[in-house]
Structure formats: structure tokens, C-alpha cells
Amino acid sequence: MFSRFQQEFFLAKAETLKPQLKRWKVSADAVVTPVKDCTVWQDYRMVKGDLDTFLQNNDFVNGSSFIVSLPETTVGQIAFTIDFCKGYADSPSRLQITCGELPREVIDAGLPYNGTLNGSWLQTEVITIDDLPCQVILPRRYSGKYIRFDMLNVPGSVKFSDIHIIACGVEDSLLPPPENLPELLKKIDQASIRTLRNCMQHSFEDGPKRDRRLWLGDLRLQAMVNKVTYRRFDIVARCIYLLAGTLLPDGEVCGCVMEHPFPRSGCHTHDYAMLFPLLLEEHCRWSGDLTVGEELFDLAEYQLKLMERFFDNGLFVGISDPFKDWFFVDHDLELDRQAAMQGHAITGYHSLVKLALMLGKVDKAAEFNAKADLLVSVAREKLFNPATGLVESGKDRQLSYASQIWMIISKVLTPQEGRKALQTIENTPGALKPSSPYMFHYLLEAWDICGDKEHLMELLTGYYGGMIKNGADTFWEVYRPDEPFFSPYEDIRMNSACHAWSGTAAYFLRK
Ligand code: RAM
């Protein structure tokens, strides 16, 4: 595909689009006490107290600790002032500081970690401060609503004041909610926008706590919310150039880009690569910037070319080596991905058709149309069961929401058929449900295509409203309403609670 030299050119373009970050102060506004309560999310309530009084009246000795909260989930550097209380400080102060997006991250800060991702993602530091009094600004950037201070070793006793976060991001404020919305939907809208705002750093990050990188699947959803809110198309373009400048050796657009200290590609994520044409086409259409479409049209086409090896006579047959060939689709290892992947490829071709027409490449449009048509007719023949009205996936003819959803998005099913399939799957015991907010977004997109706005709003209110009722002010990477302790990483502290792919409610509320 593109040579190293061409990729450098795209990276240089990305560099010219690098946004300036704003900085602002968000002060802690309460001291909080965790209270065990099995009726609330993850079994703890945070009871607030007056912070100024607490800090004025309390000195902290070895072994003591306290937790403060911020008015909203904030991204930035932790800062505070620390002083000694009596005599003079004859030794340094050693503190453990833990930042958490959700209560359990700070409550369980001392518990051993046995999750699958590296524990260094947990936002805990041990710092040693030599000369008191002083202001401390931690060098790392965090994302959180709670900060816990543990006195590991302090000279006598110490006092704290001015605890805050030096927040950073491209945008420092939220847009006001649409006036005609009921209260709960206003809250959902604001949490959705805050999620986008907090992820909007030098690129669109998936989560400012974790992975702090640009994932293609997340980016496509952020671009949708961005379109109806901040309209920072410059940053979307920058992200697209970052992807184009960090191709994998075989020319595939990588699933994620790590931006620092210099842009590098992450892993193969084939379903995300298949979404590249969709991302590009939507960006060109929404921003009116056809240059990037011209420049990257061949790259978008090449992504689907690369995927041809996973198809046999127009049917996705897939996954030869599950460790090498990662088709993410959802956080669900049981999910048979055949139908969903067929849908991704068709959607990719449809996007290429639109892009080709936008760019005046009529012959190319016809070529992609023919490819899409073949995949559609094979899907109808092999995956759709007209007797039940459902799409079945894989050799075990698995029934899942994901399969219906992707056959709707790719227009294999008409809106009428789609509506029936979604209604039927809702009443099919044992059908695999969306497991992550990422797949939940696509469920809403499918209902939108099928034209049932009422049901869409019902689902949206139930799901995102559920998170709000459970204390969210940004939306969570992982949310299974009936499984508060579920983590794909085997430790809830690793879950990100401000996550790009969960933030699309504002798109549906505002578009
Ligand atoms: C996780 C992150 C990210 C997502 C990938 C596939 O690591 O949540 O947002 O895109 O999975």
C-alpha cells in the first residue's frame, strides 16, 4: 500500500492539525465516606461532607487516609498543597495517591490486583515530598471523580488544602442540553457530551484513563457525536491521518494508534479496518472536506481487498487463527461473528460506493456496487431464515442481536424485515445480547434505520438512564445492568468509566 514516505506525509498532515489543549482548574468540593449498601451499584454509596471544614479540622498521621470528590469526572493533573502541623518536618512525606472514576477504584485501592491487563493502568502513585509546605502537582494525567490520600509515612502530622485537578482538553465546557428534553434525557445528553469532551485530547482517545489511545471503532462513534456537538472536524481529520500514517506492514489500517512519544500502530482489528471506508465517507460528507477522501480513497478500498481472504464465494468464512485474526465486534467470546462480519464488509462496500460518487469515480462506484450486491445476495441465501425472519450465524446457526444488527446496518434486511427481526430476537430466550455499550450503540443505529424512534428512545433511556441512576456523569466502557461486577479484564477497577464508544446518546438525541 502506501510507502513509508507517503505515510510520513500523512503524519506530517496530522501534526499540522494537532489541537491546542486548554487548561482549567476543577477543585475538589466534598470529602466523601464510602458506606456499604448492597442496594447501590457495586455496593457502595459515597456520602458527602463539607470539605473545607474537614480539611481545617483534621491533621493526618501515618496510616490515616481520606477521599475527596470533584464536581464532575475530570481529566488532568492532580494538585494540592501540603503542610506540617507542629514543630518542623524532620523527614520527607510519603503518600499514596489514588484517582478513581468510580468509587471502587479508590475504596479498594489497597487490594491485590489479578486482572488480565497490566495493573499499571490503575491510577495509583506513591510519592515522596521533601520540603513542606509546598504545592504538589503530579506529573501524570488522570481521569477521575475521586482522589484518595493515604499517609504512608509523614513527619508527625500533615494538613492539606487546595486539592484540585488541573484539567486539560480541547474543549473546556459542555454544550447546553436541548431545551425541550425531559430531565433524565438532559442528564444523558450532558453525560454523553462530557464523555466526548473528556476523551478529546490531542486525538480522540477511547478513554482518558485507559487505553488513552485512538481506536478506529471508537473514533467512528466519536465522529458521530462530534458532528452534532463540537464539530471539531479538524481533529477527526487528524485522527484519520494518524491512522493512514501508521499502517501495519501488510497495509491494513491498525485497530489503534498509540500517539506518544511518536505515532505507532497497535494491533490488527479486522472489523475496525473494515469500518475505515465508513469513517472516511462520513467524515467527507459531514465536514465537506473532500481532500482527505481523495488522498485516502485507495487506502479505504485496499482495506476491503485485504479482507477478501476471509471470504469464500461471497460468504465470510473467517477466522483461521483467532489469536492472529482478531474480529472484535463485541466484548463477547461466545459470539459467532460470521453474520456481523458479512455486514461489516457490505457496509464497507456501500461506503466506498458513496465515496466514489462524491469524488466523481463513477466506474469505481459500479464496481463496488456489484461486490456489495454479491455479498448481500449470499447473505440472504445463507444467513437469513425467511421462516423465522431471523439471521443465523455460523455452523451452529447461532442467534444473536449482533447478527440482526449488522444485517440491518448493511441493508441485507429491509427496514421492515429488520424491525421484525429485532422484535423477534427480543423475544428469543437464549439469543446473545449486546455485551458492551459499543454493540448497544449499533443496536440503536439499527432501530434508527428501521424507523422505530419510539422504541429507540425507550432503549436509550433505559440503558443510559440506568448508568445515570447508578451515579454516572460520563458513560462507562462496560455496562451490563444485571452484572455490576462484570469486567472483561477480570477486575472492575480496570474498567474505564469515561469511554468513547459509550458516548453516542447525544447523537441520537440531537441529530
Ligand atoms: C478495548 C477498549 C477500546 C476498544 C477495544 C477493541 O481495549 O475498550 O475502546 O476499541 O477494546
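Going by the structure above, here's the rest.
Structural notes, computed from the coordinates. It should be emphasised that the depicted structure is a prediction, and the values quoted were computed from it without experimental measurement.

About the thresholds
- Residues numbered from 1 in each chain as written.
- Predicted model: local features only at pLDDT ≥ 70, side-chain atom pairs only at ≥ 80, totals over all residues.
- Heavy atoms only, no water.
- Helix = DSSP H or I, 4+ residues; strand = E, 2+ residues; numbered from the N terminus.
- Buried < 20%, exposed > 50% of the residue type's maximum accessible area, 1.4 Å probe, protein only.
- Contact = heavy atoms within 4.5 Å.
- Areas by Shrake-Rupley, 256 points an atom, 1.4 Å probe, with all protein chains shown as cover.
- Lys, Arg positive; Asp, Glu negative; His and termini not counted.
- Charge placed at Lys NZ, Arg CZ, Asp CG, Glu CD.
- Polar contact = N/O pair within 3.5 Å; in protein donor to acceptor, adjacent residues only side chain to side chain.
- Disulfide = S-S within 2.5 Å.
- Phe/Tyr/Trp six-rings, centres within 6.5 Å; stacked < 30°, edge-to-face > 60°.
- Lys NZ or Arg CZ within 6 Å of the ring centre and 35° of its normal.
- Salt bridge = Lys/Arg side-chain N within 4 Å of Asp/Glu carboxyl O.
- Pairing = 2+ DSSP bridges.
- Near = heavy atom within 4 Å.
- Nonpolar A, V, L, I, M, F, W, Y, C, P; charged D, E, K, R; others polar.
- Axes fitted to C-alpha atoms, helices over the stretch in contact; angles between N-to-C directions.
- Parallel < 35°, antiparallel > 145°, perpendicular 65-115°, else oblique.
- Left-handed = near helix turned anticlockwise from the far one by under 90°.

Comments concerning the overall build of the chain
1) Next: The number of helices and strands found in the chain is 16 helices and 16 strands.
2) Next: Considering only C-alpha atoms, the chain reaches an extent of 85 × 55 × 45 Å along its principal axes.
3) Next: Relative to its 511 residues, the chain shows a buried fraction of 60%.
4) Next: Contacts in the chain between residues at least 24 apart in sequence constitute 75% of all its contacts with a sequence separation of at least 6.
5) Next: Summed over its atoms, the accessible surface of the chain is roughly 20,500 Å², and 52% of this surface lies on carbon and sulfur atoms.
6) Next: Charge-centre separation for the chain: the mean point of 54 positive side chains lies 2 Å from the mean point of 67 negative side chains.

Comments concerning the environment of Y142
1) Next: With respect to the secondary-structure elements, Y142 resides in strand β8 (residues 142–153).
2) Next: When the C-alpha positions of Y142 and L175 are compared, they lie 23 Å apart, and in sequence the two are 33 residues distant.
3) Next: Residue contacts for Y142: discarding those within four places in its chain leaves T74, V75, G76, I78, C99, Q123 and E125.
4) Next: One polar contact links Y142 to E125, side chain to side chain, over a distance of 2.9 Å.

Details of the state of the cysteines
1) Next: In the structure shown here, the tally under the stated rule is zero disulfides.
2) Next: Of all cysteine sulfurs, the one in C134 lies closest to C85, which takes part in no disulfide; the gap is 14 Å.
3) Next: For C85, a relative accessible area of 24% gives the class partly exposed.
4) Next: This cysteine, C267, is not joined by any disulfide, and C256 carries the nearest cysteine sulfur, 4.6 Å off.
5) Next: Judged by its relative accessible area of 29%, C267 is partly exposed.

Structural notes on the packing of aromatic side chains
1) Next: Going through the model one piece at a time under the given rule, you end up with 37 aromatic pairs.
2) Next: When the ring of F66 is compared with that of F160, the centres are 5.2 Å apart and the planes differ by 70°; the resulting orientation is edge-to-face. In this pair, F66 sits in strand β4 (residues 65–84) while F160 sits in strand β9 (residues 158–169), placing the two residues 94 residues apart along the sequence. You'll find F66 and F160 in the same group, each marked buried.
3) Next: Linked through ring pairs, W215, Y272, W326, F328, W406, Y438, Y442 and W501 together constitute an aromatic cluster.
4) Next: Lying over the aromatic face of F262, R264 brings its terminal NZ or CZ to 5.6 Å of the ring centre.

A word on the pattern of salt bridges
1) Next: Under the definition given, this model contains 36 salt bridges.
2) Next: In this structure, K145 engages D473 in a salt bridge whose closest nitrogen and oxygen atoms are separated by 4.0 Å. Within this pair, whereas K145 is found in strand β8, its partner D473 is found in the loop between α15 (453–469) and α16 (505–510), the two being separated by 328 residues in sequence.
3) Next: The residue R194 makes a salt bridge to D473 at a minimum N-O spacing of 3.9 Å. Note that R194 is positioned in helix α4 (residues 183–199) and D473 in the loop between α15 and α16, a separation of 279 residues in sequence. Side by side, R194 and D473 carry an identical accessibility label, which is buried.
4) Next: Connected through salt bridges with shared partners, the residues E72, K145, R194, R197 and D473 form a single ionic network.

Some words on the sheet that holds strand β12 (residues 264–265)
1) Next: Taken in spatial order, the three strands of this open sheet run β10-β11-β12, and their pairing is antiparallel. Each end of this open sheet is capped by a strand with a single partner; those strands are β10 (214–215) and β12.
2) Next: Where β10 and strand β11 (residues 256–258) come together, two bridges link them in antiparallel fashion. Directly across from L214, in β11, lies its bridge partner V257.

Focus: the site of the ligand
1) Next: By nearness alone, every residue bordering the ligand is listed as D206, R210, D211, W215, D218, Y272, W326, F328, E477, Y489, H499 and W501.
2) Next: A distance of 3.0 Å separates an oxygen atom of the ligand from a polar side-chain atom of D211.
3) Next: Burial of the ligand by the protein amounts to 94% of the accessible area it has alone, namely 290 Å².
4) Next: Its residues placed into classes, the shell around the ligand shows six nonpolar, one polar and five charged.

As for the side chain of T98
1) Next: Mapped onto the secondary structure, T98 falls in strand β5 (residues 93–100).
2) Next: Relative accessible area serves as the criterion here: at 2%, T98 is assigned to the buried category.
3) Next: Here T124 takes part through its side chain, which lies 3.4 Å from a polar atom of the side chain of T98.
4) Next: Setting aside anything within four residues of it in sequence, one finds T98 in contact with E105, V106, A109, Q123, T124, Y146, I147 and R148.

Comments concerning the packing of helix α10 (residues 338–358) against helix α12 (residues 401–409)
1) Next: Relative to each other, α10 and α12 sit at 15°, their axes nearing to 8 Å. As summarised for this structure, α10 and α12 are arranged roughly parallel, according to the angle between their axes. Note that α10 runs across α12; the crossing there is left-handed. Of the residues in α12, those in contact with A339, A340, Q342, G343, H344 and T347 of α10 are A402, S403, W406, M407 and I409.
2) Next: Along the lines of polarity and charge, the residues of the contact of α10 with α12 split into six nonpolar, five polar and no charged.

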